[in-house]
Amino acid sequence: MGKKDIKILLVDDEPDILEIVGYNLSAEGYDVITAENGIEAVKKARKEHPQLIILDVMMPEMDGIEACEQIRNIPELKDTIITFLTARGEDYSQVAGFDAGADDYITKPIKPKVLVSKVKALLRRVKEEVSNESVVEIGSLTINRDEYKIILKDEEIVLPRKEFELLSLLASKPGKVFKREEILDKVWGNEVVVGGRTIDVHIRKLREKIGDDCFKTVKGVGYKFVD
């Protein structure tokens, strides 16, 4: 897939941001679509099926958090990458963003070239395979990597893309302690700068959906999957 085939939905209520960021992404060859609020963002996401959505948080009519939640509930957009681009750097805002299903969180101001670099990193599709097996079965849990499907006790569980990749990584070697740096590298990519709470938030969501006993925290090191 070439750059011209990649659609990026840029959502912000500030015209200057839409113009400057949109110009730089278009100059890189991406197909850029814009929206000025959350309601418009959801409509355009459903219509255009972008590969990446860059969302502001504070917007009129519908904020970015709610828009992200609604987009994540659209089945055909389950693999769409969503990142927030906002001046709000408070910790609670980042947690809310990740809880809503975001993949990353970029804080303004940011130089256009740096933003383009982050976008390239987010769009990387070729990652190191965590295992040669496409289907992994651990007790009552089945992970199908080809179909992005999770079956737990004969019931299918739908996970956002990053939660699926994190679970897939940890479950690829039950009992192994994966260091935080390795998790960030293999799940988010070593070029992507994410907040320190990113892994913790995603682990918490997995514990709620898969089971608290399946994940063990190794303080100061990382996490492991316990079968």
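Scroll up to find the structure.
In this report, the structure presented in the accompanying data block is examined. (Residues numbered from 1 in each chain as written. Predicted model: local features only at pLDDT ≥ 70, side-chain atom pairs only at ≥ 80, totals over all residues. Heavy atoms only, no water.)

Considering the pattern of salt bridges
Turning to step 1, where the next piece is worked out: As enumerated under the stated definition, the model contains 19 salt bridges in all.
Turning to step 2, where the next piece is worked out: Residue Lys186 is joined to Glu182 by a salt bridge in which the shortest nitrogen-to-oxygen separation is 3.0 Å. Of this pair, Lys186 and Glu182 both sit in helix H7 (residues 180–188), separated by four residues, roughly a single helical turn.
Turning to step 3, where the next piece is worked out: Taken together, the salt bridges that share partners define one network made up of Arg72, Asp103, Arg161, Lys162 and Glu165. (Salt bridge = Lys/Arg side-chain N within 4 Å of Asp/Glu carboxyl O. Helix = DSSP H or I, 4+ residues; strand = E, 2+ residues; numbered from the N terminus.)

Some points on the pairing of strand E1 (residues 7–11)
Turning to step 1, where the next piece is worked out: The element E1 is extensively covered by neighbouring structure, given that four of its five residues are classed as buried.
Turning to step 2, where the next piece is worked out: One ladder, built from five bridges, connects E1 with strand E2 (residues 31–35); its direction is parallel. Note on E2: the bridge partner recorded for Ile8 is Val32.
Turning to step 3, where the next piece is worked out: Crossover E1 to E2 through helix H1 (residues 15–27) is right-handed. (Buried < 20%, exposed > 50% of the residue type's maximum accessible area, 1.4 Å probe, protein only. Pairing = 2+ DSSP bridges. Right-handed = clockwise from strand over helix to strand, strands pointing away.)

Brief notes about unusual backbone geometry
Turning to step 1, where the next piece is worked out: The omega angle of the peptide bond from Lys108 to Pro109 is -5°, so this bond is cis rather than trans.
Turning to step 2, where the next piece is worked out: Residue position: Pro109 is located in the loop between strand E5 (104–107) and helix H5 (112–122).
Turning to step 3, where the next piece is worked out: If you check the backbone angles, Glu61 has positive phi at about 70° while not being a glycine.
Turning to step 4, where the next piece is worked out: Here Glu61 shows up in the loop between strand E3 (52–55) and helix H3 (64–72).
Turning to step 5, where the next piece is worked out: On the accessibility criterion, Glu61 (64% relative accessible area) is exposed.
Turning to step 6, where the next piece is worked out: For Asp154, which is not glycine, the phi torsion reads 70° and is therefore positive.

Considering the sheet that holds E2
Turning to step 1, where the next piece is worked out: The five strands lie next to each other as E2-E1-E3-E4-E5, forming an open sheet whose pairing is parallel. Strands at the two margins of the open sheet, each flanked by one partner only, are E2 and E5. Neighbour-to-neighbour, the strand axes of this sheet turn through a mean angle of 20°, independent of strand direction.
Turning to step 2, where the next piece is worked out: Sitting on the sheet, helix H2 (residues 38–48) is in contact with E1, E2 and E3, with an inclination near 150° to E2. (Axes fitted to C-alpha atoms, helices over the stretch in contact; angles between N-to-C directions. Contact = heavy atoms within 4.5 Å.)

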